[in-house]
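Observations on chain architecture
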Amino acid sequence: MNSVHFSRLGLAACGIVFGLMTNPSAARADTDLIFCNKTGSKIQIAVAYVNAKTNKWIMSAWHSRNPGECKSHGNVKTGLFYYYGEKVGANFHWPAKAYVDKSFCVPKQGVREMANSACGQGERNLGFQGKVATAGKYTFSFN
């Protein structure tokens, strides 16, 4: 290889690094997490995920989906997330006990960073199942 080839490689590498520095989202892969309700009842969803911007675990509850509705939860870091859903006014939830991977404390409403501590006042300890979301759009349906 000659010095001209090395110079071109160096310039290309600098361009990539500069591009990542000026556009941080290019350095990470985000997922548009979409939840669909394929049931005949209204459902409420809680989701635990890694925030794409802060890289911290977040618990977000409760998000309504009407029967047949699909709606974005927003951008999350591509990879592992956990979900819990329940039918409004019925004693039915996802996942079933046999498919619970982890239990998390879920607030009455809102979004918060997750902590490794006991549930706070008014929080519910619920069983979640983990899924791995791919980059781009990832749709999860409650059936």
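Summarised in this report is the structure supplied together with it. (Residues numbered from 1 in each chain as written. Predicted model: local features only at pLDDT ≥ 70, side-chain atom pairs only at ≥ 80, totals over all residues. Heavy atoms only, no water.)

**Brief notes about the overall build of the protein**
Along the backbone of the protein there are one helix and ten strands. Each helix and strand of the protein, ordered N terminal to C terminal, gives the series α-β-β-β-β-β-β-β-β-β-β. For the protein, with 143 residues in total, the buried portion stands at 34%. Put simply, the protein shows about 8600 Å² of open surface, and 54% of that area lies on carbon and sulfur atoms. (Helix = DSSP H or I, 4+ residues; strand = E, 2+ residues; numbered from the N terminus. Buried < 20%, exposed > 50% of the residue type's maximum accessible area, 1.4 Å probe, protein only. Areas by Shrake-Rupley, 256 points an atom, 1.4 Å probe, with all protein chains shown as cover.)

**Looking at the state of the cysteines**
Two cysteines form a disulfide when their sulfur atoms are joined by a covalent bond. What the rule picks out here adds up to two disulfides. In this model, Cys-36 is linked to Cys-70 through a disulfide, with the two sulfur atoms separated by 2.0 Å. On the sign convention where negative means left-handed, the S-S torsion of about 120° between Cys-36 and Cys-70 marks this disulfide as right-handed. Of this pair, Cys-36 sits in strand β1 (residues 30-37) while Cys-70 sits in strand β4 (residues 70-77), and the two are 34 residues apart along the sequence. The disulfide partner of Cys-105 is Cys-119, and the S-S distance across this bridge is 2.0 Å. Since a negative S-S torsion denotes a left-handed disulfide, the Cys-105-Cys-119 link at about -90° is left-handed. Pair noted here: Cys-105 is in strand β7 (residues 102-106) and Cys-119 is in the loop between β8 (110-113) and β9 (124-133), with a separation of 14 residues, a long-range link. Among the cysteines of the protein that take part in disulfides, numbered as they appear in the sequence, the pairing is 1-2, 3-4. (Disulfide = S-S within 2.5 Å.)

**Focus on the pattern of salt bridges**
Within the structure shown, the criterion is met by three salt bridges. For Glu-86, the salt bridge is made with Arg-124, and the minimal N-O distance between the two is 2.8 Å. Here Glu-86, found in strand β5 (residues 79-87), pairs with Arg-124, found in strand β9; they are 38 residues apart in sequence, far enough to count as distant. Taking the relative accessible area as the measure of exposure, Glu-86 reaches 17% and is therefore buried. Glu-123 is the partner of Arg-112 in a salt bridge, and the nearest nitrogen-oxygen pair spans 3.0 Å. Of the two residues, Arg-112 sits in strand β8 while Glu-123 sits in the loop between β8 and β9, which places them eleven residues apart along the sequence. With relative accessibility at 22%, the residue Glu-123 sits in the partly exposed group. (Salt bridge = Lys/Arg side-chain N within 4 Å of Asp/Glu carboxyl O.)

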